[in-house]
Amino acid sequence: MGINLIEGFRLIFQPITLFYLIIGTIAGIIVGALPGLSASTGIILFLPLAYKMSPAEALIIMLGIYGGSMFGGSIPAILIRTPGTPSAGATTLDGYPLAQKGKAGLALGTSAIASSIGSFLSTIALVIIAPQLAKIALKFGPPEFFALVVFGLSAIATVTGKDILKGFISALIGVILGTVGLDPIMGYSRFSFGSLYLESGIPLLPVMIGVFAIAQVLRDLEREEGNIIVQKVTIVLPPKEELKGIFLAALFGGIIGIIIGIIPGIGGSVATYVAYGQYKRLSKKGKYFGEGVLEGVAVPESANNATTGGALIPLLTLGVPGDIVTAVLLGILILFGIKPGPLLFRENPVLINKIFASLFIIAFLILVFGLLSAKYSQKIVYVPKKILTPVVLVLCIIGAYSLNSSLYDVIVAIVFGVVGYFMEKFGFSVTPLLIALILSPIAEGELGRTLLISRENWSILFTRPISLTFLVLTVIFVIYAFIGRKEEK
């Protein structure tokens, strides 16, 4: 289960593989820079092409989209005060004031440098932590995996959205949908209503396409497109006297982003605001944060990109997604026949080496293309919705159909697009639903195996130390979330 980065870099520095990395990163920057799209949407739109590639090549492009979009979200945040991705919200606090002062280029340059540092730091953490965590996870049995999945579901349900109860309701819907089809232990049919399509369960990727991409198209159609005033981009590289402060801010943001990224369900949005708020208290320039300070751009952007490596740690080692993008990656990996978890490090070390090496290169590409694209970023922001929206919708339909060449998948995508639109409209986050749909069959299978091992004795969950720990953490997490939300109100 040893990690061989030299071998990973040798495999990555093949012309075609390097080309895929470059294309993925550039595509991610463009997706992130287009308000309304996100990393998860970009990955979903890429699906029709992914089926023509090997799993490793497809994953490399998806990681490029993931990393590139995290930086790309800062472009509209700085230029037009509209975050391209949800996690770029904190970047507007100092990014847009800098743009108003005629320093949009400096803000974008700082964002590229900090994003690259955050990505690099999180990749180092991933390389160090993931193999060790995978060794521990090899000792997990069905009771431990069941308790872990329950903890992951509770964490995501409690931290996603403004209302914890609605988060639980959304997760419960996902759990119910996850029971459709054949029972994983006994093999009998449930909730299929005589339909052959439902015998195999609710198709995951059409659901993803619906709740993210098609629902976003419906929301974009509802909004009126106003006049966009984009700030001019001139000098990109920050002055030498500012580099030390930017580096320290990026280092601080990167550490916060890694820590928060590892916790399932938290994500980049929380990490950026936590890092921004804490560094504001520590920095000598803290009193000027919000008025246009380069360090105020560096902190959230580094934290934002650092969550990528952090979120990949529980995904690769335990099979539990750290955020919504890794949840999408989990669903896609499963469909490719790759099951993330501790055995992945033992059974497919070549893929792990490629992932680690590619993430280091992506961190470098973010810096290069981030600085090069700064002066051309205005053109990306100017893309009108009347062109972008129908293109995205067509790609969604093509993507849903290409999965199995089935109109049924297209219908599922459209239905869940409408469901996702109304859920968001009424304050229900779709993230718990989707992750519950992915994880609930895993939890059910592990629970079934647990009861077979224990001869239907439920006490096994409370007599094994690791499973008991996860269940206790679940209770603590839920109670703490309710108390914290009550105090906020």
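Residues numbered from 1 in each chain as written. Predicted model: local features only at pLDDT ≥ 70, side-chain atom pairs only at ≥ 80, totals over all residues. Heavy atoms only, no water.

Enquirer: So, the packing of aromatic side chains: which residues are in play, and what are the values?
Expert: Enumeration over the complete set of coordinates arrives at nine aromatic pairs. Ring centres of Phe 9 and Phe 13 lie 6.2 Å apart, and the angle between their planes is 25 degrees; on these two criteria the pair is classed as stacked. Pairing Phe 19 with Tyr 20 gives two aromatic rings, centres 6.2 Å apart and planes at 50 degrees, and the pair type is tilted. Classification of Phe 19 by relative accessible area gives partly exposed; the value is 46%. Assessed through its relative accessible area of 15%, Tyr 20 is described here as buried. Each member of the aromatic cluster is reached from another via a ring pair, and the members are Phe 9, Phe 13, Phe 120 and Phe 360. The ring of Phe 428 is capped by Lys 166, whose NZ or CZ atom sits 5.2 Å from the centre of that ring. (Phe/Tyr/Trp six-rings, centres within 6.5 Å; stacked < 30°, edge-to-face > 60°. Buried < 20%, exposed > 50% of the residue type's maximum accessible area, 1.4 Å probe, protein only. Lys NZ or Arg CZ within 6 Å of the ring centre and 35° of its normal.)

Enquirer: Outline the pattern of salt bridges, supporting the account with residue identities and numerical values.
Expert: This model, assessed by the stated rule, comprises four salt bridges. Between Glu 144 and Arg 464 there is a salt bridge, and its shortest N-O distance comes to 2.9 Å. Placement of Glu 144 in helix 8 (residues 142-159) and of Arg 464 in the loop between helix 22 (460-463) and helix 23 (465-488) is noted, with a sequence separation of 320 residues between them. Residue Arg 190 is joined to Glu 444 by a salt bridge in which the shortest nitrogen-to-oxygen separation is 2.3 Å. You can see Arg 190 sitting in strand 2 (residues 189-190) and its partner Glu 444 sitting in helix 21 (residues 430-453), a full 254 residues away along the chain. On the basis of relative accessible area, Arg 190 is assigned to the buried category, the value being 13%. By relative accessible area, Glu 444 is classed as partly exposed at 24%. (Salt bridge = Lys/Arg side-chain N within 4 Å of Asp/Glu carboxyl O. Helix = DSSP H or I, 4+ residues; strand = E, 2+ residues; numbered from the N terminus.)

Enquirer: Could you give an account of the environment of Leu 372, with specific residues and numbers?
Expert: Looking at the secondary structure, you find Leu 372 in helix 17 (residues 349-373). Given the relative accessible area of 55%, Leu 372 is considered exposed. Taking the C-alpha atoms as reference points, Leu 372 and Gly 109, separated by 263 residues in sequence, lie 9.1 Å from one another.

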